[in-house]
Amino acid sequence: MKILIIGNGGREHAIARSIYLSSIPNQIYAIPGNPGIMQYAECLNISSENHKDICNFSIRNNIDLVIIGPEIQICNGLSDELTKYNIKVFAPSKIASQLESSKSFTKEIAYKNNIPTAAYKRFTERDRALKYLNLLGTPIVIKTDGLAAGKGVFICESKKEASESISEIFSGKFSDNPSLIIEEFLKGEEASFFALVDGKNIQPLIGAQDHKRLLEGDKGPNTGGMGAYTPTPVLTNNIIDQVMNKIIEPTVSAMNKNNTPYKGVLFAGLMVTEKGPELIEYNIRFGDPETQAMLMLLKSDLLSIMLDTVNGELKNTKVEWKDETSLTVVLANKGYPLNYKTDSIITGIEDAEKDKNIKVFHAGTRLENNELIASGGRVLNVTATGLSIKEAREKAYNAIEKIKFETKYFRKDIAWRAMP
Ligand code: AMP
Ligand code: GLY
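Residues numbered from 1 in each chain as written. Chains lettered and ligands numbered in written order. Predicted model: local features only at pLDDT ≥ 70, side-chain atom pairs only at ≥ 80, totals over all residues. Heavy atoms only, no water.

What follows is about the sheet that holds strand S20 (residues 365-368). Pairing in this open sheet of three strands is antiparallel, and the strands run S18-S21-S20 from one edge to the other. Of all strands in the sheet, those bounded by a partner on one side alone are strand S18 (344-346) and S20. Shown here is a sheet whose adjacent strand axes are inclined to one another by a mean of 45 degrees, direction ignored. (Pairing = 2+ DSSP bridges. Helix = DSSP H or I, 4+ residues; strand = E, 2+ residues; numbered from the N terminus. Axes fitted to C-alpha atoms, helices over the stretch in contact; angles between N-to-C directions.)

Structure follows, in structure tokens:
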């Protein structure tokens, strides 16, 4: 089988590794890939934005399945374009991807189907938004309505902060046609939950907890994610049942009723509150760095369950996990997520991976004269498995000691909420 993976992050490296380990014989290509993915795949010099060339490559090479990692290509319609040529794709259609790209689309579905989520109101005019603000208390959450790579969400402690955020969004910083939503602040513990959806049938995967803030103790600016672990104690079986019954299932059936059926992995960003789980947002793809931790525990064959998803055959699929814990720590370049230094040389990955419970996934790296260079914001994901969270955490941090690059930065407290 010929598989094409779109993306170049740690998530796509983890997916490539699991596909490589599949019992279904396969050959992997990646666009554009990275030096980690290169261990398993042929990386092609095609831009992931060039949908025409991706379609042409897939047709010419009889690609059996395209797996799209990042949201941007899905929201820009790559899945639909490939489908036009009868190429199978593990990713939802553009119209279904509004679950991530449009906060108001998702809120509308939640509202109509009694899905627990923060109360909200949408505004297209600055003055009306400011007037509404006066009726509310703090903290309050202001969000731009559209993709903003995690940068369009403002948790405001004061009205002054909130009105500044509203003005910033209406200044056109995020979109030429700005709109925003003002929503209630949810208090609780955040978690990520994933499910495969084949249009109709749903197979729950596993939950994880990400660490979105840059600094220890969950302080500092938001990032793409500084580390994750799975499973997470906050998602008890009881909470997972509620997530499935009250959030995921009604969403999947609403998408069907709207004639925008959902196919792929559905990632629910949750707040587990005193009242139970509430939906913060949906993502229409696997999480990064959650996937790096999760796939290390997957006992089932990833390629086989992805094919079941694409073929509408999830009904009888069993997804099995190792009874262990997995934890991933992001090694970033100092200065991330703003202006970060790049170009220091990385050493020690081989040494770290001598322990069979350690896997180092590449995110922002490149090869130059046979040397590995730390070239991105998030550089590597050091992932460890263990029988307990304590063991996995110790292994990950021991492995990190062995990996050296001058501008290395990482959080030392990943999984702090779950520590005994
Ligand atoms: P989003 O892009 O919607 O995931 O928001 C980014 C982050 O902002 C989330 O991961 C939460 O930490 C936080 N957040 C978003 N909405 C809320 C809310 N209604 N209440 C509390 N925190 C929120
Ligand atoms: N880890 C959060 C995300 O992938 O959006």
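The next point concerns the site of ligand 2. Asp-210, Gly-224, Phe-267, Asn-283, Arg-285, Gly-287, Asp-288, Pro-289 and Glu-290 make up every residue found near ligand 2. The side chain of Arg-285 places a nitrogen or oxygen atom 2.8 Å from an oxygen atom of ligand 2. Between ligand 2 and Glu-290 there is a distance of 2.7 Å, counted from a nitrogen atom to a side-chain nitrogen or oxygen. Protein contacts shield 89% of the accessible area of ligand 2, which totals 200 Å² for the unbound molecule. (Near = heavy atom within 4 Å. Polar contact = N/O pair within 3.5 Å; in protein donor to acceptor, adjacent residues only side chain to side chain. Areas by Shrake-Rupley, 256 points an atom, 1.4 Å probe, with all protein chains shown as cover.)

Looking now at the packing of aromatic side chains. A full pass over the atoms with the stated rule returns eight aromatic pairs. Plain terms: the ring middles of Phe-123 and Tyr-132 are 5.2 Å apart, the flat faces sit at 40 degrees to each other, and that makes the pair tilted. One exposure class covers both Phe-123 and Tyr-132, and it is buried. Ring plane angle 40 degrees and centroid distance 4.5 Å describe the contact between Phe-194 and Phe-267, whose orientation is recorded as tilted. (Phe/Tyr/Trp six-rings, centres within 6.5 Å; stacked < 30°, edge-to-face > 60°. Buried < 20%, exposed > 50% of the residue type's maximum accessible area, 1.4 Å probe, protein only.)

Time to look at the pairing of strand S10 (residues 189-198). Counting buried residues in S10 gives eight out of ten residues, a clear majority hidden from the surface. Sheet topology note: the S10/strand S11 (residues 202-210) ladder contains five bridges and is antiparallel. Within S11, the residue paired with Ala-195 across the bridge is Pro-204. With antiparallel pairing between neighbouring strands as the criterion, S10 and S11 make up a hairpin whose turn holds three residues, including Gly-199 at a positive phi of roughly 110 degrees.

Take the pairing of strand S9 (residues 180-184) next. Among the five residues that make up S9, four are buried, leaving the element largely enclosed by the rest of the structure. With four bridges connecting them, strand S6 (residues 120-123) and S9 associate as antiparallel partners. Bridge pairing links Phe-123 to Leu-180 in S9. Where strand S7 (residues 140-144) and S9 come together, five bridges link them in antiparallel fashion. Bridge pairing links Val-141 to Glu-183 in S9.

All right, on to the side chain of Thr-106 then. Considering the arrangement of structural elements, one finds Thr-106 in helix H6 (residues 103-112). In terms of polar contacts, Thr-106 uses its side chain to reach the backbone carbonyl oxygen of Leu-99, at 2.7 Å. In this view, Thr-106 contacts Gln-98, Leu-99, Leu-279 and Tyr-282; residues no more than four positions away in its chain are not counted. (Contact = heavy atoms within 4.5 Å.)

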